[in-house]
Amino acid sequence: WMNPPYGTQTEMWMRRFVDHGNGIALVFSRTDTTWCQMAMQNATAMLFLAGRIEFIPGLENQQKKSRCGAGTVMFAFGDERAKALERMSDKGFFIKQRFEV
């Protein structure tokens with residue numbers, strides 16, 4: 001499981017995660033970026049979540065919830081991880097890759 005820091009370091013984290021090839025990454029759905037295109041080409045499956053994720057505030061700010069600043073996608077690498085995302089397919093748009101052998 002990986003939820004990297006949002007921002008300029010996302011690409012570095014996603015490249016390492018793709019190289020690792022096993023797990024689920026939760027990131028902004030930035031389909032126009034190089035790192036997102038690379039992840040889409042290599043993921044076993046993807047789940048583009050409907051709506052925006054709401055974050056629960058920490059103890060210092062219990063009065064307010066904050067919404068994620070963009071849409072979210074979960075990338076699965078590996079068959080077991082793809083099955084996990086498929087079980088969540090009611091939460092958004094699920095895509096399973098069909099790789100040529």
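Procedures and definitions
Residues numbered from 1 in each chain as written. Predicted model: local features only at pLDDT ≥ 70, side-chain atom pairs only at ≥ 80, totals over all residues. Heavy atoms only, no water. Buried < 20%, exposed > 50% of the residue type's maximum accessible area, 1.4 Å probe, protein only. Helix = DSSP H or I, 4+ residues; strand = E, 2+ residues; numbered from the N terminus. Contact = heavy atoms within 4.5 Å. Phe/Tyr/Trp six-rings, centres within 6.5 Å; stacked < 30°, edge-to-face > 60°. Lys NZ or Arg CZ within 6 Å of the ring centre and 35° of its normal. pLDDT = per-residue confidence, 0-100. Salt bridge = Lys/Arg side-chain N within 4 Å of Asp/Glu carboxyl O. Pairing = 2+ DSSP bridges.

Along helix H2 (residues 34–42), the residues classified as buried are Trp35, Cys36, Met38, Ala39 and Met40. Where H2 is buried, its residues meet helix H1 (10–20), strand E1 (23–28), strand E2 (45–49) and strand E5 (72–77).

For the coordinates displayed, the defined rule picks out 2 aromatic pairs. Judged by centre distance (5.7 Å) and plane angle (75°), the ring pair of Phe17 and Phe77 falls under edge-to-face. Here the residue Phe17 occupies a position in helix H1, and Phe77 occupies one in strand E5, the gap between them amounting to 60 residues. Residues Phe17 and Phe77 agree in their burial class; the two are buried. The ring centre of Phe28 lies 4.8 Å from the NZ or CZ of Arg30, which sits over that ring.

Glancing now at the confidence of the model for the protein. Confidence along the protein averages 87 in pLDDT terms, with 82% of residues attaining 70 or more. Highest mean pLDDT in the protein belongs to E2 (97); lowest belongs to strand E4 (residues 66–67) (58).

What follows covers the pattern of salt bridges. All told, the structure shown has 3 salt bridges when counted by the stated rule. Close ionic contact of Glu11 with Arg15 constitutes a salt bridge, the shortest N to O distance being 2.8 Å. Taken as a pair, Glu11 and Arg15 lie in helix H1 at a separation of 4 residues, close to a single helical turn. A salt bridge links Lys91 to Asp90; the nearest nitrogen and oxygen atoms lie 3.9 Å apart. Among the residues examined, Lys91 registers a relative accessible area of 46% and is labelled partly exposed. Residue classification places Asp90 among the exposed residues on the basis of a relative accessible area of 62%.

Of all 5 residues making up E2, 5 are buried, and the element is well covered by its neighbours. The alternating pattern of E2 places Ala45, Leu47 and Leu49 and Met46 and Phe48 on opposite faces, both of which are buried. For E2 and E5, the ladder comprises 4 bridges, and the chain directions are antiparallel. Across the sheet, Met46 pairs through a bridge with Phe75, a residue of E5.

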